[in-house]
Amino acid sequence: MPPSTVSGLLPAFPWDKLEPHKAAAAANAAGIVDLSVGTPVDPVPDVVQRALTDAANSPGYPTVWGTAELRDAVTGWCGRRLGASGMTHGNVLPLVGSKEFVAWLPTQLGLGPGDRVAFPRLAYPTYEVGARLARAEPVPTDDPTSLDPENLRLLWLNSPSNPTGKVLDAGELKRTVAWAREHGVLLVSDECYLELGWETDPVSVLHPDMCGGSYEGVVAVHSLSKRSNLAGYRAAFAAGDASVLGELLHVRKHGGMMVPAPVQAATVAGLGDDVHVERQRERYRARRAALRTALESNGFRIEHSEASLYLWATRDEPCWDTVGDLAKLGVLVAPGDFYGTAGERFVRIAFTATDERVSEAVRRLTA
């Protein structure tokens with residue numbers, strides 16, 4: 001008798017449902033404007049490309065913990081950018097992109113049936129996927145501090161949020177950290193959009209004002225995919241509680257979860273250079289402003305969206321109606337219900353297309 005399939009534990013892959021609308025948008029005579037996925041389209045910074053090619057002759061196995069140079073780069077960046085003080089190499093863990101960490105963290109922590117994993121009600125679907133892969137119970141919530149902590153083993157925060165762009169304020173973050181510690185719940189904050197704040201300056205849970213200068217029970221996840229256009233490199237890291245990350249390091253050594261050596265070198269270069277980050281921010285700032293104005297002139301209302309790479313937009317109609325109407329214009333967006341039932345009257349609109357494609361979307365929306 002064959003074993004039961006793991007895929008049976010998981011929801012349908014949401015992006016497959018968008019394919020007919022993608023085909024409709026692609027039929028536009030002037031081509032598709034794809035604002036759905038949010039994948040970077042701008043060049044990888046020269047300083048990162050040089051570091052990658054300089055490290056191309058890397059015939060040996062990399063280590064799961066990464067080079068000392070990589071760990072130095074991560075701790076230095078966390079101190080400089082996040083205000084995280086006193087970090088050592090034991091407080092960091094390289095990742096093969098952040099998605100694998102989100103998907104496999106519950107399993108690597110040893111969670112299973114009877115354990116509970118909480119995450120935002122409107123959220124990146126992989127938080128739920130990770131819980132289901134471990135056969136734990138997924139718990140969507142708008143207020144984690146209102147939850148019954150019984151058997152709650154892992155709490156995900158996501159600020160700035162994907163899909164909404166919402167940023168948790170300092171008071172809410174501090175209160176949630178304290179609540180998680182009081183109840184022995186590991187708090188992991190997905191902060192991959194932290195450097196893309198537009199109307200506010202997002203703060204990390206690793207900032208001493210949030211965690212009290214101690215990383216006990218707290219981990220933050222960061223990625224270079226968005227801020228450095230490195231989605232194709234799979235370059236990310238976790239930082240925080242040394243006991244948690246040390247345990248994960250032992251597990252991941254057995255699993256062979258190694259960041260390739262050239263990517264490690266590229267990550268060091270990317271974290272050490274702030275110029276390309278600001279240049280990319282300005283590209284996104286201009287695209288965001290143009291799309292927001294065009295969407296509002298087309299009858300959309302934008303909610304939250306104070307950070308991240310997305311506009312969370314609604315015309316107060318079912319999201320798939322909006323997706324279908326925009327596809328007729330050759331513009332593809334993501335339906336809000338991909339991120340939970342609370343998003344069923346919203347769409348998520350990425351501003352990661354080229355300047356030319358964004359200008360074309362603006363033209364179509366305002367024609």
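Check the entry above for the structure.
Computed from a predicted structure; not experimentally measured.

Chemist: I keep staring at the pattern of salt bridges and nothing clicks. Help me out?
Modeler: Side-chain pairing between opposite charges can occur once the charged atoms of the two side chains come close. Applying the stated criterion to the full structure yields 23 salt bridges. Measuring nitrogen to oxygen at the nearest pair gives 3.3 Å for the salt bridge that ties D115 to R153. Of this pair, D115 sits in the loop between α4 (98–108) and β3 (116–120) while R153 sits in strand β5 (residues 152–158), placing them 38 residues apart in sequence. The buried category is assigned to D115, whose relative accessible area is 13%. Residues E296 and R292 are paired through a salt bridge, measuring 3.2 Å at the closest nitrogen-oxygen approach. With a gap of four residues between them, E296 and R292 both fall in helix α10 (residues 275–297), about one helical turn apart. Because the salt bridges share partners, they merge into one network encompassing E199, R288, R292 and E296.

Chemist: Can you walk me through the packing of helix α2 (residues 46–54) against helix α9 (residues 261–272) in this structure?
Modeler: Closest axis-to-axis distance for the α2/α9 pair is 8 Å, and the angle between their directions is 150 degrees. Relative to α9, the element α2 lies roughly antiparallel. Where α2 crosses over α9, the handedness of that crossing is right-handed. Contacts from V47, V48, A51 and L52 of α2 reach α9 at P262, V263, A265, A266, A269 and G270. Tallied by class, residues from the contact of α2 with α9 come to nine nonpolar, one polar and no charged.

Chemist: Which parts of the structure should I look at to understand the packing of α4 against helix α5 (residues 126–133)?
Modeler: The axes of two packed helices give the description: the angle between them and the distance between them. The N-to-C vectors of α4 and α5 enclose an angle of 30 degrees; their axes lie 7 Å apart at closest approach. Classified by chirality, the crossing of α5 by α4 is right-handed. Packed against α4, whose contacting residues are K99, V102, A103, W104, P106 and T107, the element α5 presents T126, Y127, G130, A131 and L133 at the interface. Classifying every residue of the contact of α4 with α5 gives seven nonpolar, three polar and one charged.

Parameters at a glance
- Residues numbered from 1 in each chain as written.
- Predicted model: local features only at pLDDT ≥ 70, side-chain atom pairs only at ≥ 80, totals over all residues.
- Heavy atoms only, no water.
- Salt bridge = Lys/Arg side-chain N within 4 Å of Asp/Glu carboxyl O.
- Helix = DSSP H or I, 4+ residues; strand = E, 2+ residues; numbered from the N terminus.
- Buried < 20%, exposed > 50% of the residue type's maximum accessible area, 1.4 Å probe, protein only.
- Axes fitted to C-alpha atoms, helices over the stretch in contact; angles between N-to-C directions.
- Parallel < 35°, antiparallel > 145°, perpendicular 65-115°, else oblique.
- Left-handed = near helix turned anticlockwise from the far one by under 90°.
- Contact = heavy atoms within 4.5 Å.
- Nonpolar A, V, L, I, M, F, W, Y, C, P; charged D, E, K, R; others polar.

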